[in-house]
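Listed below are the residues making up each chain.
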Amino acid sequence: MVPMATSFNTFFSETRAGKHVPRALFMDLEPTVIDGFRKGKYRSLFHPELLVSGKEDAANNYARGHYTVGAEVIDLVLERLRKLAKPCSGLQGFLIFRSFGGGTGSGLTSLLMEQLSIHYGRKTKLEFCVYPASRISTAVVEPYNSVLTTHSTLEHSDCTFMVDNEALYDICHHQLGVERPSYTSINRLIGQAVSSITASLRFEGPLNVDLIEFQTNLVPYPRIHFPMTAFAPIVSADKAYHEAFSVSDITTACFEFPNQLVKCDPRLGQYMACCLLYRGDVLPKDVNAAIAAMKSRHSVQFVDWCPTGFKVGINSHPPMVMSGWDLAKVQRAVCMLSNTTAVVEAWACLDHKFDLMYAKKAFLHWYIREGMEEGEFLEAREDLAALEKDYEEVGQSYRYNGENEC
């Protein structure tokens, strides 16, 4: 068993006084959210210099976040980031959490990603993005912001794990029995998925997966880097004691539509690659049996040019929950990251909403006023259309003309 102190070194740095400080930089263009950290109950945990906020927000405008207001704070952000990265003995890369639909999440993050590519070119950049939900929207101009930021970060991001609020709300409401899910509820759900993804970086295990392995096994082509996320078991505390969750059960659940953290039906596409990250009481032989069972199902279709399909990680530390959480504490869990052609459904929906507004040039003046040109919208939209086409092409059958089969 590895000493618990060792696991802190990945995401925490230790001071001379023995205090562990998170290797995390929080930034926002307006102070409200960051002030919540500065005054909240965890304020003593974070270094004050790593809580960066501006005085004027991006107003749900990509152009403000990227060109005007965001440009004023980017140098400060990069300086704080350099201080954070310098003490790292073996910097693997960056985990970036943001939303597609807001002005800061779309604009400032795009600007930051460009700078990270310049200053830390070969370091891995993995994103966890809140994708605009098909029915639940927090801003009218979400389609504009999302298309613009996807276009500008496509070449800078190595892998982008997507979740959406509608899927998370439905999971909290229908599976966890939360009558009115709050942001706290959905953030805890995302936290469990992220914790499973980073478990192999924090604890040793029989089969660990590091940052570079994610992109190596999940991204067949540079542009096809938008895996869907699923998690199982998702069960409330009052139901957990009445159900048994075998390795086979939780593996099967990850391939089912209700357990997807983004509103895309995986049955409508083909899988290119799956990364199954198990935690807790899990044996490799049980995993092999569960995967063999999934491969035999007609509902789980893989592209014919990628016959292997699965990457597996196993970590013996079970997921943790705090008292008062909606999720139950379980002996074993799995997070699935799957690169599937079904995600094109999400892009098509987003592009359609973009087209409806752009056909009327609605809200365009707010972006042009901040220094953008109309040509940037057309260029971004064409890039997203090409991305849709890329996903359609990788799903097409490979015709082998040789005489012998493998």
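Residues numbered from 1 in each chain as written. Predicted model: local features only at pLDDT ≥ 70, side-chain atom pairs only at ≥ 80, totals over all residues. Heavy atoms only, no water.

A.B. asks: Please explain the packing of helix H6 (residues 165-175) against helix H7 (residues 183-202) as it appears in this structure.
C.D. replies: Two measures define how a pair of helices packs: the angle their axes make with one another and the distance between the axes. One can describe the packing of H6 onto H7 by two numbers: an axis separation of 10 Å at closest approach and a directional angle of 100°. By the angle between their directions, the pair H6 and H7 is classed as roughly perpendicular. Touching Asn165, Leu168, Tyr169, Ile171 and Cys172 of H6 are Tyr183, Ser185, Ile186, Leu189 and Ile190, all from H7. Its residues assigned to classes, the contact of H6 with H7 shows eight nonpolar, two polar and no charged. (Axes fitted to C-alpha atoms, helices over the stretch in contact; angles between N-to-C directions. Helix = DSSP H or I, 4+ residues; strand = E, 2+ residues; numbered from the N terminus. Parallel < 35°, antiparallel > 145°, perpendicular 65-115°, else oblique. Contact = heavy atoms within 4.5 Å. Nonpolar A, V, L, I, M, F, W, Y, C, P; charged D, E, K, R; others polar.)

A.B. asks: Is there a simple way to think about the environment of Phe245 in this case?
C.D. replies: You can see Phe245 is positioned in the loop between helix H9 (237-240) and helix H10 (247-254). Spatially, the C-alpha atom of Phe245 lies 37 Å from that of Ser146, the residues being 99 residues apart in sequence.

A.B. asks: Can you help me understand a nonpolar patch on the surface in this one?
C.D. replies: Taken together, the side chains of Val140, Phe363 and Trp366 make up a nonpolar region of the molecular surface, amounting to roughly 300 Å² of accessible area. As for its position among the elements, Phe363 is in the loop between helix H12 (344-359) and helix H13 (364-368). (Patch = residues over 30% accessible without salt bridge, like charges linked within 9 Å, V, L, I, M, F, W, Y side chains within 5 Å. Areas by Shrake-Rupley, 256 points an atom, 1.4 Å probe, with all protein chains shown as cover. Salt bridge = Lys/Arg side-chain N within 4 Å of Asp/Glu carboxyl O.)

A.B. asks: I'm lost on the pairing of strand E5 (residues 93-99) in this one. Help?
C.D. replies: In regular strands, side chains alternate between the two faces of the sheet. In this sheet, strand E6 (residues 124-131) lies alongside E5 in parallel orientation, the contact comprising seven bridges. Each residue of the ladder has a partner; that of Gly93, found in E6, is Thr124. Taking the sense of rotation as the criterion, the β-α-β connection linking E5, helix H4 (residues 103-119) and E6 turns out right-handed. (Pairing = 2+ DSSP bridges. Right-handed = clockwise from strand over helix to strand, strands pointing away.)

A.B. asks: How should the nonpolar core be read in this particular structure?
C.D. replies: In this structure, Phe214, Tyr278 and Leu337 are the most contacted members of the largest nonpolar core, which totals 61 residues. For Leu337, the contacting residues outside a window of four places in its chain are Phe161, Ile197, Phe214, Leu218, Met228, Thr229, Ala273, Cys274, Cys275 and Leu277. Counting 36 residues, the second-largest nonpolar core is a separate cluster that includes Met272, Phe354, Tyr358 and Ala380. (Core = buried A, V, L, I, M, F, W, Y, C linked by side-chain atoms within 4.5 Å. Buried < 20%, exposed > 50% of the residue type's maximum accessible area, 1.4 Å probe, protein only.)

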